[in-house]
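# A closer look at the structure
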Amino acid sequence: MAPVMGLKRPAAGAAVAAQTVTLPASAVRDAVRAAVREAEATAQAPAARVPAAAAVPAEIARDGVLCLEEVDGRRWSYVVDAAGASVKAKGRASVGGPAFKAVPLQSPLPPVEEIMSFIRSYVVPEGFPHSVTPSYVPYMSWRALKHFFGGAMGVFTTRTLLNSVGVSQSRAVPGAVAINWILKDGAGRVGKMLFARQGKKFDYDLKQLRFSGDLLMELGAGIELATAAFPQLFLPMACIANVVKNVAAVTSTSTRTPIYKAYAKGENIGDVTAKGESVGNIADLLGTGLSILISKSNPSLVTSFAFLSCGYLLSSYHEVRSVVLNTLNRARFTVAVDSFIKTGYVPTLKDGNSQETVFNPPWRHEPVAIGSRFGEAFQEPASFVAIKPLFEDERYIVTYNPTKDKVYALLKDQAKPDDILKAAFHAHVLLHFINASHANLNARRRMNSNRSYQHNPVNMDFLPHIEESCKIVMSSYGVFKKKAREQGWIMSESLLNPGRARLCGIVPQ
């Protein structure tokens with residue numbers, strides 16, 4: 001007799017009685033087999049599904065557009081590729097693969113525009129012109145022109161050096177030529193190493209040093225060309241020229257990054273630097289190629305040097321002038337304070353940079369000294385004793401030395417960065433009063449030209465001007481700082497290059 005299986009199910013109602021339903025074994029086997037077949041069919045269902053293109057939502061299937069994409073100003077549309085999807089679905093390995101294609105929404109660019117787009121990728125930063133400041137274009141234009149003249153000059157100087165050292169002469173000894181050339185390059189590296197210790201000066205007088213470096217570069221080129229007239233002095237002249245040119249190279253390299261940083265918007269300093277150097281190299285190659293063609297006609301070295309040197313220096317001057325920095329070094333600080341004293345306004349970044357003096361010869365008189373030593377500022381002890389009470393509440397002392405015609409700002413040992421800035425501001429205010437006093441004195445002397453008298457002024461004679469400057473500074477220094485910040489200026493005492501002397505034991509109460 002076939003076995004039977006019993007299943008209990010609860011009875012209806014509140015009773016807890018149980019009912020037993022007896023099923024034959026064959027029915028149980030049939031039920032199990034049906035459940036297994038149903039599970040297998042469910043597991044195999046994904047493999048039998050339609051291709052991916054058929055599973056696209058209805059709203060996409062109507063127009064076929066998946067999304068739009070823009071790359072460097074050009075737009076692309078990604079659409080469903082039903083035909084491609086059906087072909088790929090024939091093989092099991094291709095099931096589920098991409099079933100779309102990219103369709104350009106613009107017509108292909110003309111060949112000229114394609115070439116220009118390729119060139120732009122090498123000479124301008126990504127996102128140009130929005131990724132750089134507005135003054136980037138004039139700066140790079142003048143920089144490219146400067147490198148063009150520099151590359152052209154390099155052909156003449158190299159040719160002259162080779163002729164002077166004797167490479168073009170059959171009697172030259174190759175070993176001696178190589179030694180002379182190595183010594184020349186070695187001297188240049190030594191000069192570069194020694195000049196690199198200037199360090200901080202490359203930050204606060206960036207423009208001035210950059211233009212001075214270009215002046216040295218042309219001086220070195222001139223000495224190299226002079227070897228043609230004195231070939232017997234090739235080694236000493238070539239060494240001097242290489243030292244001068246390597247000093248100029250250090251200046252150019254050290255000031256390059258701060259300039260590029262001023263043009264970068266956001267974190268793209270690397271891109272701006274790379275494209276800027278690319279522009280310089282392209283211009284250098286163009287200048288070199290043109291100079292090679294010109295040199296075949298053996299032009300006059302003097303005429304060539306005069307023309308190329310003038311073009312190089314003119315381009316360098318305008319290149320430096322076009323740089324717009326937002327920091328206040330001594331030159332720009334002087335421009336800002338003078339404008340504030342005369343008009344009550346602080347100049348904008350562009351105006352302040354355009355008024356900055358780029359070329360400062362070493363013999364130029366500097367009317368203000370910050371962080372000077374005591375012996376330079378005062379002529380006699382009585383002057384210090386008279387001036388000292390005016391600065392009891394300050395961490396600096398400002399005075400004027402008539403024998404040197406200079407305003408001095410002496411810093412106390414607890415002077416903080418803002419105290420140094422305030423001392424520099426006070427020094428320029430005092431200088432304004434001194435200049436006005438000198439102008440009035442000269443006017444009176446012209447009116448009384450028939451009278452001759454001699455007077456040796458001392459510090460104490462200018463005490464009223466110092467007292468007046470203290471009152472002005474007390475009420476206007478905060479206003480100056482506020483207006484400078486509103487214009488975007490960043491004030492840092494380190495860029496004013498204060499001296500390291502400090503007055504000890506004189507601390508405000």
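Residues numbered from 1 in each chain as written. Predicted model: local features only at pLDDT ≥ 70, side-chain atom pairs only at ≥ 80, totals over all residues. Heavy atoms only, no water.

### A word on the environment of asparagine 329
To keep it simple, the criterion reads: Each helix is a run of H or I in the DSSP string that is no shorter than four residues. Each strand is a run of E no shorter than two, and both are numbered from the N terminus. Any two residues whose heavy atoms approach within 4.5 Å at even a single point are treated as in contact. Throughout this description, a polar contact denotes any pair of N or O atoms lying within 3.5 Å of each other; where both atoms belong to protein, one of them has to be capable of donating a hydrogen while the other can accept it, and for residues adjacent in sequence the pair is counted only when both atoms sit in side chains.
Considering the arrangement of structural elements, one finds asparagine 329 in the loop between α11 (301–321) and α12 (330–343). C-alpha of asparagine 329 to C-alpha of isoleucine 490: the two residues are 161 residues apart in sequence and 9.7 Å apart in space. With sequence-adjacent residues up to four places away left out, asparagine 329 is seen in contact with Tyr204, Asp205, Gln208, Glu356, Leu495 and Leu496. In terms of polar contacts, asparagine 329 uses its side chain to reach the backbone amide nitrogen of arginine 332, at 3.0 Å.

### Re the environment of aspartate 461
Which entries qualify depends on this criterion: Only protein chains enter the calculation, and the probe is 1.4 Å; a residue is then buried if its accessible area is under 20% of its type maximum, exposed if over 50%, and partly exposed in between.
With respect to the helices, strands and loops of the structure, aspartate 461 is situated in the loop between α16 (417–447) and α17 (463–486). You can call aspartate 461 partly exposed: its relative accessible area is 38%. A sequence separation of 78 residues divides aspartate 461 from serine 383, and the C-alpha atoms of the two residues are 8.8 Å apart.

### What about the packing of helix α9 (residues 234–263) against helix α10 (residues 269–295)?
Angle between the axes and distance between the axes are the two parameters that describe a pair of packed helices. Keep this limit in mind: All axes here are fitted lines through C-alpha atoms, helices being fitted over the stretch that makes contact, and every angle between N-to-C directions spans 0 to 180 degrees. Left-handed describes a crossing in which the near helix is turned anticlockwise from the far one by less than a right angle; the clockwise case is right-handed. Amino acid classes used here: Ala, Val, Leu, Ile, Met, Phe, Trp, Tyr, Cys and Pro are nonpolar; Asp, Glu, Lys and Arg are charged; the rest, including Gly, are polar.
At a minimum axis separation of 9 Å, α9 and α10 run at an interaxial angle of 115°. When you trace α9 past α10, the crossing you get is right-handed. Where α9 abuts α10, its residues Arg256, Thr257, Tyr260 and Lys261 lie against Ile269, Val272, Thr273, Gly276 and Glu277. Tallied by class, the residues present in the contact of α9 with α10 amount to three nonpolar, three polar and three charged.

### With respect to unusual backbone geometry
The phi dihedral of asparagine 298 is positive, around 50°, even though this residue is not glycine. As for its position among the elements, asparagine 298 is in the loop between α10 and α11.

### A few points about the sheet that holds strand β8 (residues 406–411)
For clarity, the cut-off: Strand pairing requires that DSSP identify at least two bridges connecting the strands.
The strand order across the open sheet formed by three strands is β6-β8-β7, and the pairing between neighbours is mixed. Either end of the sheet is taken by a strand with one partner, and the two such strands are β6 (368–370) and β7 (396–401). Averaged over neighbouring strand pairs, the angle between their axes works out to 15° when direction is ignored. Pairing of β7 with β8, which is carried by six bridges, proceeds in the antiparallel orientation. Residue pairing in the sheet places tyrosine 396 in a bridge with leucine 411 of β8.

### Describing the confidence of the model for the chain
So the rule is basically this: What pLDDT conveys is the predictor's confidence in a given residue, as a value from 0 to 100.
This prediction gives the chain a mean pLDDT of 78; 72% of its residues lie at or above 70. Across residues 1–21, where pLDDT falls below 50, the model places 20 contacts with residues more than four positions away in sequence or in other chains. Within the model, pLDDT remains below 50 along residues 45–55, and this stretch shows four contacts once partners closer than five positions in the same chain are excluded.

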